Structure formats: C-alpha cells, structure tokens
Amino acid sequence: MKAGSSCVTSEQQLEDIYDLLDQEIFFSKGGYVIPKRERAKIDATGGDATYGEVQASGVDVLLRHLAMDSSSVFVDLGCGRGRAVLQVAMHSTVRKAIGIELSESRLEQAEAALEVLQQQGVPLQPVELRHADLSSCSLQEGSHFYLCSTAFGAGICRSLAERLAASPNFQVLVTSRQLPTQPYLYNVSQVPCSFTYGQNGRAYIYVKSLAAAPVATLARVWCRDGVCWLPGSSSQLQLGLSVDEPLFDTRPVLDLKWDRSGEVAEKGQQQQHVLQEVRVFGDAEE
Ligand SMILES: C[S@@+](CC[C@H](N)C(=O)[O-])C[C@H]1O[C@@H](n2cnc3c(N)ncnc32)[C@H](O)[C@@H]1O
C-alpha cells in the first residue's frame with residue numbers, strides 16, 4: 001500500500017515488527033544510553049535525558065483522543081527512538097507524522113527503525129524525523145501533538161504551551177503529566193495510559209480553548225468512540241451523560257448538538273447519538 005493511503009496493520013504484526021526492531025536496532029546501538037555530550041546538550045535546554053516510552057497500547061489511547069484525520073499533522077515532541085511516531089504512521093491516516101529529537105543517537109535509532117519498516121514494505125503514512133531543540137524549534141506545521149512531559153522541566157513545558165497556543169494549526173496536545181499551571185492551554189480530560197516506566201499512567205488532553213476544540217476530540221473525551229447513549233430522541237441536549245471518563249466542571253455553559261445516528265441502534269430505552277457540534281457560552285475558556 002502506498003504512503004498517503006489508509007493504513008491497517010494488525011496488533012500482532014506491529015508487535016512482531018517492534019520485537020525485531022528491539023533486537024536488531026535498539027539493543028545493538030546502546031539502548032537507552034546516550035553519549036555524555038548529548039546528555040549535556042539536553043540538560044542545558046531544561047529537558048531530561050532519562051528515557052522512557054509510551055507503550056503500544058498507550059499510542060492507541062493517543063490515537064483515540066487525538067482523533068486525527070488525513071489533514072492532521074502529528075508531532076511527537078521529543079520522539080526518542082521514534083516508536084510512537086512510527087506507530088501513528090502505521091495506524092492512522094495522518095498527512096504526516098513528525099518526530100523531533102535532540103539526541104543524535106536516539107534519532108539514528110528512529111531513522112534505522114523507519115528504514116527497516118520501509119524495507120519490509122509496511123504501509124506507512126509519510127514520516128519526518130527532525131534533529132531539533134524543542135525549546136526553540138518551530139511548531140507551526142503540527143496540528144496534533146504528544147509530549148512525554150514527565151521528562152521535561154516546567155520552563156520548557158510552559159514555553160511549548162505558549163508557542164502551541166500561538167500556532168494557527170494547533171488543535172490538540174496530549175501530555176504524560178499535567179502541565180504546570182499556565183494560562184495558554186485548556187485541559188479537557190485525563191485518561192488512563194501506559195508507559196514503559198508506569199503501567200498506570202495518565203494522558204492529559206489539552207486544547208487551545210473549549211470553543212476551538214475539535215468536536216471529534218470532545219466526542220472521544222465525553223463519549224465512547226464519539227457515540228453516546230442518550231435517553232429519548234432529542235437532538236439538542238445539555239451535557240448530562242453517563243461516561244467512564246472524568247468530565248470537567250464547565251457543563252452548564254456547554255450546548256451540545258447530537259444527531260441520531262443513521263441506523264439507530266436501540267439499547268434498552270436509550271438511542272445512539274453522535275456528537276455533531278459544541279457551542280460554548282460564558283467563561284468556559286477561562
Ligand atoms: C521520555 S523520552 C519520550 C520518547 C517518546 N516521546 C515516547 O514517549 O515514547 C523524551 C525524549 O525527549 C528528548 N528531549 C529532551 N529534551 C529535548 C529537547 N530540548 N529537544 C528535543 N528533544 C529533547 C530526549 O532525548 C528523549 O528522547
């Protein structure tokens with residue numbers, strides 16, 4: 001399948017490929033250890049050279065909540081050996097998946113992994129791996145971002161939040177730890193997510209503002225896969241759903257418009273609705 005077309009790869013295929021990458025690339029090139037001069041460069045930016053990764057199941061969580069489509073550009077801010085970037089390129093229809101990394105040796109591992117996947121003919125969306133410093137690089141091209149914020153100090157997190165909020169293309173950021181209190185981004189939810197350093201981690205989902213939040217992401221946050229089971233047949237309801245994930249406390253100022261899905265599946269007295277539109281009133285963006 002050509003790059004640019006939709007990608008479907010089974011979970012097992014993916015695991016096999018990463019097992020192979022672990023053996024052939026990761027272990028043979030020094031694993032998590034990076035040269036002292038790379039470590040010093042990273043420390044100087046306010047980053048942390050300690051390594052850990054989001055697990056494959058965690059990338060699935062990112063994919064679900066980022067709700068990207070073929071116009072989206074995904075960016076992993078500090079992509080390490082590129083596993084999340086490559087999984088996104090394999091399992092989504094994004095226009096491009098970008099990894100930004102300051103450590104040359106980690107970036108080399110990501111490039112080698114990409115090469116193996118390409119040689120094996122694994123269907124991939126376009127991938128770009130960039131050697132750059134997150135504290136100063138451009139973020140303009142990306143629409144959907146992931147930051148393993150556990151590995152970054154407050155200064156660099158704040159700088160990233162400020163620059164993302166000012167970027168016209170930015171839509172959603174997922175982080176592995178709550179960002180320090182800052183006025184630039186709005187946290188819509190947090191969901192369970194697994195990392196190599198913690199199976200019971202969380203992913204924090206940020207948007208520029210509620211009003212600017214993509215409906216697809218809000219639907220993922222508030223419903224199961226964008227579909228909600230609501231009583232009755234009204235297409236315009238105030239939010240009052242039974243969902244598994246925590247909601248934030250600005251419900252009264254939201255007006256959510258639902259459409260009954262084409263083929264209405266009935267579940268007891270409830271009907272399936274799809275979130276179509278979110279309107280925000282009052283001070284929801286504060
Ligand atoms: C904890 S790892 C996360 C890897 C990957 N994002 C994941 O979650 O699977 C963080 C990565 O950020 C990189 N990093 C730290 N400071 C950086 C900076 N200023 N610019 C670019 N990359 C940086 C580190 O080298 C490391 O590979």
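Residues numbered from 1 in each chain as written. Predicted model: local features only at pLDDT ≥ 70, side-chain atom pairs only at ≥ 80, totals over all residues.

- By the naming in an unreviewed UniProt entry, the protein goes by Histone-lysine N-methyltransferase, H3 lysine-79 specific and is assigned to Tetradesmus obliquus.
- Per UniProt, the protein carries the Catalytic activity (unreviewed entry) text "L-lysyl(79)-[histone H3] + 3 S-adenosyl-L-methionine = N(6),N(6),N(6)-trimethyl-L-lysyl(79)-[histone H3] + 3 S-adenosyl-L-homocysteine + 3 H(+)". (UniProt positions renumbered as here; feature names shortened; annotations may be inferred.)

As for the overall build of the protein
Consideration 1: A count of helices and strands for the protein gives seven helices and twelve strands.
Consideration 2: Taking all 286 residues of the protein together, 36% fall into the buried category.
Consideration 3: Sequence-distant contacts in the protein: of pairs separated by 6 or more residues, those separated by 24 or more amount to 69%. (Helix = DSSP H or I, 4+ residues; strand = E, 2+ residues; numbered from the N terminus. Buried ≥ 20, exposed ≤ 12 C-beta atoms within 10 Å, placed from the backbone. Contact = placed C-beta atoms within 7 Å.)

Details of the nonpolar core
Consideration 1: Residues Leu 62, Val 88 and Val 174 are the most contacted members of the largest nonpolar core, which totals 61 residues.
Consideration 2: Top contributing element to this core by residue count: helix 4 (residues 83-91), with six residues.
Consideration 3: When residues of this core are sorted by domain, at least three fall in each of domain 1 (11-208) and domain 2 (217-280).
Consideration 4: Every residue in contact with Val 88, bar those within four places of it in the chain, is listed here: Val 59, Leu 63, Phe 74, Val 94 and Ala 97. (Core = buried A, V, L, I, M, F, W, Y, C linked by C-beta atoms within 7 Å. Domains from an automatic or database assignment.)

A closer look at the pairing of strand 5 (residues 172-175)
Consideration 1: Side chains of strand 5 alternate between two faces, with Val 172 and Val 174 and Leu 173 and Thr 175 buried alike.
Consideration 2: Pairing between strand 4 (residues 144-147) and strand 5: four bridges, direction parallel. Pairing of Leu 147 across the sheet is with Thr 175, part of strand 5.
Consideration 3: With helix 6 (residues 154-165) bridging strand 4 and the parallel strand 5, this β-α-β connection has right-handed handedness.
Consideration 4: Judged from the four bridges that link them, strand 5 and strand 7 (residues 198-207) form a sheet pairing that is antiparallel. Counted as the bridge partner of Val 174 is Ile 205 from strand 7. (Pairing = 2+ DSSP bridges. Right-handed = clockwise from strand over helix to strand, strands pointing away.)

Structural notes on the pairing of strand 7
Consideration 1: For strand 6 (residues 186-195) and strand 7, the ladder comprises eight bridges, and the chain directions are antiparallel. In the strand pairing of strand 7, Cys 193 is matched with Gly 201.
Consideration 2: Taking the residues that link successive antiparallel strands as the turn, the strand 6-strand 7 hairpin has two residues.

Let's talk about helix 2 (residues 36-45)
Consideration 1: Counting buried residues in helix 2 gives one out of ten residues, a small share hidden from the surface.
Consideration 2: At the exit of helix 2 stands Gly 46, carrying a positive phi of roughly 95 degrees.

Digging into the confidence of the model for the protein
Consideration 1: Chain-level pLDDT for the protein is 79 on average; 72% of the residues reach the 70-or-more range.
Consideration 2: Predicted confidence is poor over residues 1-8, with pLDDT under 50, and the contacts of this stretch with residues over four places away or in other chains come to 14 contacts.
Consideration 3: Within the model, pLDDT remains below 50 along residues 282-286, and this stretch shows nine contacts once partners closer than five positions in the same chain are excluded. (pLDDT = per-residue confidence, 0-100.)

Let's talk about the site of the ligand
Consideration 1: The local shell around the ligand holds 24 residues, among which Gly 47, Glu 53, Gly 78, Gly 80 and Leu 102 are the closest.
Consideration 2: Of all the elements in the fold, those that place two or more residues in the shell around the ligand are helix 2, helix 4 and strand 2 (96-101).
Consideration 3: Here the shell around the ligand is composed, by residue class, of eleven nonpolar, seven polar and six charged. (Near = placed C-beta within 6 Å. Nonpolar A, V, L, I, M, F, W, Y, C, P; charged D, E, K, R; others polar.)

A few points about the environment of Ala 154
Consideration 1: For Ala 154, the location among the structural elements is in helix 6.
Consideration 2: On the neighbour-count criterion, Ala 154 (13 C-beta atoms within 10 Å) is partly exposed.
Consideration 3: Taking C-alpha positions, Ala 154 is 9.2 Å from Thr 181, a pair spaced 27 residues apart along the chain.

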